[in-house]
Amino acid sequence: MRRSNVPAFVGSLVFLASASFGCSEIASNGASDPGDERDVASGRALRAGFTPERLEPAAWYVASAKDFAITGDGAVRWTDRSGHARDATQASIGGAPELVEDGWFGAPTLHFDGTRLLSTAAWSEAPFGARADFSVLAVMRSGAAAQTASIAGFWDPNGGGVAWAGLNGSSGLTLLDLTRTHSLADGQMYTSPRDLGDAPHVVAWRYDSSSERIGLTVDGTTTQSNELAPIDGLPQMPLVIGARSLLPTGVFVGDISELVLVDHSLSDADVAAFTEYARRSWPNLPATANQDPCLTADGAPSPEATRCDDGDAHTYADHCSAGICAGAAARAGSPAELAPLAWYHAGAAEVALADGGVSTWFDRTPNHFDLSQAFYDGRPTADAHGWDGVNRPALKFGGHHLLRRTGWTALPHGSDTAFTLFAVLRANPSSSAGVAAFARHEGYSLVSYEFKQAAGRTALELFRMTDNGEKQEFTGATNGDLGTGGHVLIWRYSPETTKLTVDGRTALTGAAPPGAFTPDELLVGTARHFAPSSFDGYLAELAVIPDTLSGSEIASLSRYAADEWGGITLCTAQCAGKACGEDDGCGDACEC
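Each value, and the rule that gives it
Residues numbered from 1 in each chain as written. Predicted model: local features only at pLDDT ≥ 70, side-chain atom pairs only at ≥ 80, totals over all residues. Heavy atoms only, no water. Salt bridge = Lys/Arg side-chain N within 4 Å of Asp/Glu carboxyl O. Helix = DSSP H or I, 4+ residues; strand = E, 2+ residues; numbered from the N terminus. Buried < 20%, exposed > 50% of the residue type's maximum accessible area, 1.4 Å probe, protein only. Polar contact = N/O pair within 3.5 Å; in protein donor to acceptor, adjacent residues only side chain to side chain. Contact = heavy atoms within 4.5 Å. Core = buried A, V, L, I, M, F, W, Y, C linked by side-chain atoms within 4.5 Å. pLDDT = per-residue confidence, 0-100. Disulfide = S-S within 2.5 Å. Expected span 1.5 Å × (residues − 1). Arc of directions from axis to C-beta. Phe/Tyr/Trp six-rings, centres within 6.5 Å; stacked < 30°, edge-to-face > 60°. Lys NZ or Arg CZ within 6 Å of the ring centre and 35° of its normal.

**Student:** Where do I start with the pattern of salt bridges in this structure?
**Tutor:** Opposite charge on two side chains makes pairing possible when the charged atoms of those side chains draw close. Inspection of the entire model under this criterion finds 22 salt bridges. For D67, the salt bridge goes to R81, with nearest N and O atoms at 2.7 Å. Of the two residues, D67 is situated in the loop between strand 2 (57-62) and strand 3 (68-70) and R81 in the loop between strand 4 (76-78) and strand 5 (88-90); the sequence distance between them amounts to 14 residues. The buried category is assigned to D67, whose relative accessible area is 3%. Put simply, E521 and R404 hold a salt bridge, and the shortest N to O gap is 3.5 Å. Of the two residues, E521 sits in strand 36 (residues 521-524) while R404 sits in strand 27 (residues 403-406), which places them 117 residues apart along the sequence. By the burial criterion, E521 is buried, and R404 matches it. Members of the salt-bridge network, linked through shared partners, are K66, D67 and R81.

Set out below in structure tokens:
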């Protein structure tokens, strides 16, 4: 422990449990000691009003000399005030944070330098389970301009899951972030747009299973995620303070003054009460939050492409530029005109990055079928220059990357429902792979969109497998080598007919027997759950459209793709002087 005036990161973290318990009989430093509510001798209230004890926390840690101690065997202990005896410890003094009794604002903090952490034994409360609400509250200050680290992390050493309440620095800012991941696949992630800078803050992370949303609060101002796809149940995991895991990874640089953990999702009123309590207890916390995501904590413009909402439902790719939030209208002929169920575009403002890869690909539609990948090695990368190096962005898949949306409830459910998948991509030469698939997480149902190599040529394929295992495979004529540049690919299915289109040229296949499909997830970057079917190349745009498109709609969509991404040579339909139904020269029928 040390006494210093060196700047520190001040934080309060509280984890709350729903089981009731009495007031803790702990020693008191007096009314000025944050968190103390009762005098041990008299039992009288030392300070009227709210304290974290009212939240029935699962664990509660306060930076003070009486709560932080070095034991005789050299171990360090941070005492849990909740009454549940979930003390956080570190066996090595050199691996423990340091208590700064007169921190940068004259009040105690625990200082973390990027190499130190504390942990508990096995943790039996939330976030253990599939639909386990929980909340984390903290008073803290970041000691780095931008860092990705955990304040309170839960981590299974057997790879069964993680739950990280911490910071995301991938944008060059310090942003609040909450991640829940089951195993190495299914994940729920959300990052706040509010920059913390290097000032102290009172913050809250909340997960609410009833709405499947994450809420993040900075100095009393809350933002929340879109509805998140559900994940499987998380195992029991130890709590790690100041790092993501015991390895350690994602180690925090900064200071924590108080930490509270709760095994339910707190109400807005609870978070507001804790915010006011923290302002009474700890000096110099901001009175208001930074309200504008396009400005950093010190008032400078946020990095280009920081996500925001310009309030106009007709614009897409809303992002900050020179401190202003603005979006753009889509080009004529885009998927926006075809009522898509989901629409993904590789613009810089339409992906979220973590650990060098794409953790989320946002859906442009109001359905918010966002794609995600929680496992860092499974994430594609975002290439700002795309496949031709001329500033047309794309996601680069390396043959083992996968994005997914679990909890998919839209088409192609049913027997013979009509639907279209549209994609703009460049594949590496001589590769056969799947671009996307609708699959049953546990079952047979599969509708996959693929391309195959045969004798140096490429053909599109639509593969379907029904709930009872019946397989249906439709392969178009060889359209050319997809490894020579960018291409627009369109798979269309309607009862009796499958149409497969490459750069405006369409091949028809035969009829399909009926069969039931009940997929519950969308996979992007693969045709199956296993690697041999994974895509190797660049993917710039993808849309799911709940209908089969006409020849004129295909021509319009293809022209849009060529204008949007460039370098695509289209077959131009010619119907002048031709009869209705006659071949338009590109494989579709001329319309009347």
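Next comes the rest of the write-up.
**Student:** What exactly am I supposed to notice about the side chain of S192 here?
**Tutor:** Relative to the helices and strands, S192 resides in strand 13 (residues 187-195). Among the residues examined, S192 registers a relative accessible area of 1% and is labelled buried. Separated by 3.1 Å, the side chain of S192 and the backbone nitrogen of R194 make a polar contact. In this structure, S192 is in contact with L175, L176, L216 and T223, ignoring residues within four places of it in sequence.

**Student:** Please explain the nonpolar core as it appears in this structure.
**Tutor:** General note: in soluble globular proteins, nonpolar side chains tend to be found buried as a group. Counting 47 residues, the largest nonpolar core has Y61, W78, L118, W205, I241, L259 and L261 as its most contacted members. Formed by 42 residues, the second largest nonpolar core is a distinct cluster that contains W408, A410, A423 and L482.

**Student:** Please explain the confidence of the model for the chain as it appears in this structure.
**Tutor:** When pLDDT is low, close inspection of the predicted coordinates is not appropriate. Here the chain averages 87 in pLDDT, while 90% of its residues score no lower than 70. Averaged pLDDT values over the elements of the chain bottom out at 46 in strand 1 (residues 13-16) and peak at 98 in strand 21 (residues 342-345). Here residues 1-12 is a poorly scored stretch, pLDDT under 50, and it has 62 contacts once near neighbours within four places are set aside; other chains count. In the predicted structure, residues 37-47 sits below a pLDDT of 50 and forms 30 contacts with residues beyond four places in sequence or in another chain.

**Student:** Looking at this model, I keep getting lost on the state of the cysteines. Mind explaining?
**Tutor:** Disulfide: a covalent bond connecting the sulfur atoms of a pair of cysteines. Applying the stated criterion to the full structure yields four disulfides. Each disulfide pairs two cysteine sulfurs, and for C575 the partner residue is C590, the sulfurs being separated by 2.1 Å. Between C575 and C590 the sulfur-sulfur dihedral comes to about -95°; the bridge is accordingly left-handed. In this pair, C575 is assigned in the segment after helix 2 (551-565) and C590 in the segment after helix 2, connecting sequence segments 15 residues apart. On the accessibility criterion, C575 (30% relative accessible area) is partly exposed. Relative accessible area serves as the criterion here: at 6%, C590 is assigned to the buried category.

**Student:** Would you mind showing me how to read the environment of V162 here?
**Tutor:** Of note, V162 is situated in strand 11 (residues 161-168). With relative accessibility at 11%, the residue V162 sits in the buried group. Once the C-alpha coordinates of V162 and N226 are considered, the two residues, 64 residues apart in sequence, prove to be 20 Å apart. Every residue in contact with V162, bar those within four places of it in the chain, is listed here: F154, W155, T179, R180, T181, L234 and M237.

**Student:** Looking at this model, I keep getting lost on helix 1 (residues 268-281). Mind explaining?
**Tutor:** Spacing of three or four residues puts side chains on the same side of an α-helix, whose turn is 3.6 residues. The end-to-end C-alpha distance of helix 1, which contains 14 residues, comes to 20 Å, matching closely the 20 Å that a straight helix rising 1.5 Å per residue would cover. Among the residues making up helix 1, those that are buried are V271, F274, T275, Y277, A278 and S281. For helix 1, the buried positions fall inside an angular range of 165° around the axis, keeping them on one side. Residues D268 and A269 are exposed on helix 1 and point more than 90 degrees away from its buried face.

**Student:** Would you mind going over the packing of aromatic side chains with me for this structure?
**Tutor:** In this description, a pair of aromatic rings is defined by centroid distance and the angle of the planes. In this structure the tally under the stated criterion is 19 aromatic pairs. Taking the centre distance of 5.2 Å and the plane angle of 50° together, the rings of W408 and F438 count as tilted. Placement of the pair is W408 in the loop between strand 27 and strand 28 (419-427) and F438 in strand 29 (residues 433-439), with a sequence separation of 30 residues. Each of the two residues, W408 as well as F438, counts as buried. Seen in terms of ring centroids, F474 and Y493 are 6.5 Å apart; in terms of plane orientation they differ by 45°. Their pairing is tilted. Of this pair, F474 sits in strand 32 (residues 471-475) while Y493 sits in strand 33 (residues 487-494), and the two are 19 residues apart along the sequence. Given a relative accessible area of 6%, F474 falls into the buried group. Each member of the aromatic cluster is reached from another via a ring pair, and the members are F369, W408, F419, F438, Y449, F474, W491 and Y493. A cation over a ring is seen here: K396 above Y538, with NZ or CZ 5.6 Å from the ring centre.

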